[in-house]
Amino acid sequence: MPEEKPVMSASDVVALPQPEPDHRLSYGDDPLQFGELRVPEGEGPFPVVIVIHGGCWLAEYGLGYISAFADALTAAGVATWSIEYRRVGDVGGGWPGTFQDVADAADFLLDIAPEYELDLDRVAAVGHSAGGHLALWLAGRKWLEGDDPLRGEAPLALNGVVALAGIPDLAAYAAPEGCGAAVSGLLDGEPDEVPDRLLRASPIAMVPFGIAQTLVIGEFDTIVPESQAESFADAARQMGDSVSVTTIPGAGHFELVDPSHGGFKVIRETVLKAVKPAFE
């Protein structure tokens, strides 16, 4: 029998090509408050995909590893806005800075759309791992109280959201070790110690979103359990949302952002569908 190929590791995904963006733009004053904008060839206006990297919400992991993924989506005809943000371990990261940065980065598209011919009627968010949590959170923040600093004055509307190995239930994911250990740093407290923050930060507590959601999981993912996607999908459907769960055969946690993996075609089509009516 042929030897089974092992799934990608964190070091494998960091070694992926990191193509340069078309533009590197700052949405705030902190050095980590920037994004990489890639714009397709041709005439706009272009649909936009907000790309959010993961890495357990920790300062050690930046957006470099997801650059090839964003570049491949741009080649498929959508502008991509791959955002950096302050994370746990960064000055100002964690609670509430991580959430404020992600919200501000998304809303920054309102400022730059005319210059770069971006069509803000066709926007989706896609995130990987901890970034999948933040992409889902972006879809739900519109329901926060109007004076909540995490919400923003006028949250950018999304057509859809795609979470790749996302973490929609922070309380269920929290753990003493592994990536789950970072949840307490993200919330600046254990989930049961900060229930108000949990309600404002955990997507499963924020449904319904009122937009289509797709959760993509790798068949052999050992970092984010399948139960995260399934339990969230059940909760969101009970609230009336349209949610689908897609499994990528042969993939672990990191293959989901590798454009050379066989499952990328499915993921690409899922993302393009999320910005409908762009590709109808």
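Residues numbered from 1 in each chain as written. Predicted model: local features only at pLDDT ≥ 70, side-chain atom pairs only at ≥ 80, totals over all residues. Heavy atoms only, no water.

J.: Could you give me a rundown of the environment of Pro149, with the residues and numbers involved?
T.: With respect to the helices and strands, the residue Pro149 is situated in the loop between α5 (130–140) and β6 (160–164). Look at Pro149 and you get exposed, because its relative accessible area is 56%. Separated by 39 residues in the primary sequence, Pro149 and Leu110 place their C-alpha atoms 18 Å from one another. (Helix = DSSP H or I, 4+ residues; strand = E, 2+ residues; numbered from the N terminus. Buried < 20%, exposed > 50% of the residue type's maximum accessible area, 1.4 Å probe, protein only.)

J.: Explain unusual backbone geometry residue by residue, including any values.
T.: Most of the time, phi is negative for any residue but glycine, and the peptide bond is trans. Note the cis peptide between Gly44 and Pro45, where omega equals 5°. Looking at the element boundaries, Pro45 is found in the loop between β2 (34–38) and β3 (46–52). Here the amide bond leading from Trp95 into Pro96 is cis, since omega sits at -5°, within 30 degrees of zero. For Pro96, the position within the fold is in the loop between β4 (79–83) and α3 (97–107). A positive phi angle, close to 55°, is found at Ala165, a residue other than glycine. As for its placement among the helices and strands, Ala165 is situated in the loop between β6 and α6 (170–173). Look at Asp188: it is not a glycine, yet its phi comes out positive at around 55°. Mapped onto the elements of the fold, Asp188 is located in the loop between α7 (183–187) and α8 (195–201).

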